[in-house]
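So you can see what is in the structure, the chains are spelled out below.
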Amino acid sequence: CAVDTNTAWAVGGNDGNLVILRTDDGGKTWNRQGTGLPLSNDLYGISAIDRNTAWAVGVNGLILFTDDGGDTWVQQDNGVPADVFFQGVSAVDSQNVWAAGSNTPGDNFYILHTTAGGVTWHTEGEGQVVTPGLIDISAPSASTCYAVGEFTIIKTTNGGAAWVTSKQFSGHVN
């Protein structure tokens, strides 16, 4: 996730240990961040709005937040079951952030949205559409958001109050 020509973050995992990397020199060097975090989690998505503010998501319902460039990362409570596997996150601004994933087994999808910078998270789209295995999410605004999963792309244009199937197909996309 690049925020300018020099600053970018990357996330992942190493044998179940979370990895957060950041560069400030256009990728010449990468520094590890996140010491002291719950290490038994892999991370799968990160979204930043500037050089200081970012959210990262991963397994076990994990959502992490930084507002100091990654010097400290704070786990944000979100109320999802521990088996939720977040794969995508999309930050619109410092207040509006979307996260998407699913649980295992069962592939019930979870879309979370905050309008308070992650202080509170709300589950969106329950019972409105059926799409297993959400893989990613992208929000161009606080009201419009797209989520993709196995066989389906879903969309909201009213901040998550209603979701519709935008496209169905065979296979999956990222």
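Criteria and thresholds
- Residues numbered from 1 in each chain as written.
- Predicted model: local features only at pLDDT ≥ 70, side-chain atom pairs only at ≥ 80, totals over all residues.
- Heavy atoms only, no water.
- Helix = DSSP H or I, 4+ residues; strand = E, 2+ residues; numbered from the N terminus.
- Buried < 20%, exposed > 50% of the residue type's maximum accessible area, 1.4 Å probe, protein only.
- Contact = heavy atoms within 4.5 Å.
- Areas by Shrake-Rupley, 256 points an atom, 1.4 Å probe, with all protein chains shown as cover.
- Phe/Tyr/Trp six-rings, centres within 6.5 Å; stacked < 30°, edge-to-face > 60°.
- Lys NZ or Arg CZ within 6 Å of the ring centre and 35° of its normal.
- Pairing = 2+ DSSP bridges.

A. The arrangement of the overall build of the chain in detail. Secondary structure summary: the chain contains 0 helices and 14 strands in total. Sequence-ordered secondary structure for the chain, helices as α and strands as β, is β-β-β-β-β-β-β-β-β-β-β-β-β-β. The buried share of the chain, taken over its 174 residues, is 47%. Across the chain, every contact between residues at least 6 apart in sequence was considered, and the portion connecting residues at least 24 apart equals 39%. For the chain, the accessible area works out to roughly 8100 Å², and carbon and sulfur atoms hold 47% of it.

B. Region of the structure containing unusual backbone geometry. Positive phi, normally seen in glycine, also occurs at Asn-60, with a value near 60°. Among the structural elements, Asn-60 can be located in the loop between strand S5 (54-58) and strand S6 (63-66). On the basis of relative accessible area, Asn-60 is assigned to the partly exposed category, the value being 44%.

C. Region of the structure containing the packing of aromatic side chains. Enumeration over the complete set of coordinates arrives at 4 aromatic pairs. Seen in terms of ring centroids, Tyr-44 and Phe-85 are 4.7 Å apart; in terms of plane orientation they differ by 35°. Their pairing is tilted. In this pair, Tyr-44 is assigned in strand S4 (residues 43-48) and Phe-85 in strand S8 (residues 84-91), connecting sequence segments 41 residues apart. For the ring pair Trp-55 and Phe-65, a centre distance of 4.9 Å and an interplane angle of 40° mean the geometry is tilted. Note that Trp-55 is positioned in strand S5 and Phe-65 in strand S6, a separation of 10 residues in sequence. On the accessibility criterion, Phe-65 (17% relative accessible area) is buried. The ring of Trp-9 carries Arg-22 above its face, with NZ or CZ at 4.7 Å from the centroid.

D. Geometry of the sheet that holds S6. Within the open sheet, the 4 strands sit side by side as S4-S5-S6-S7. Their pairing is antiparallel. Both edges of this open sheet fall to S4 and strand S7 (74-75), since each of them pairs with a single strand only. Of the strand pairs in this sheet, S6 and S7 are connected by 2 bridges, and their pairing is antiparallel. Residue pairing across strands places Phe-65 opposite Val-74, the latter belonging to S7.

E. Just the environment of Gly-61, in detail. Looking at the secondary structure, you find Gly-61 in the loop between S5 and S6. On the basis of relative accessibility, which here comes to 7%, the residue Gly-61 falls in the buried class. When the C-alpha positions of Gly-61 and Asn-78 are compared, they lie 7.8 Å apart, and in sequence the two are 17 residues distant. Among residues more than four places away in sequence, those in contact with Gly-61 are Asn-78, Val-80, Ala-82, Val-84 and Phe-86.

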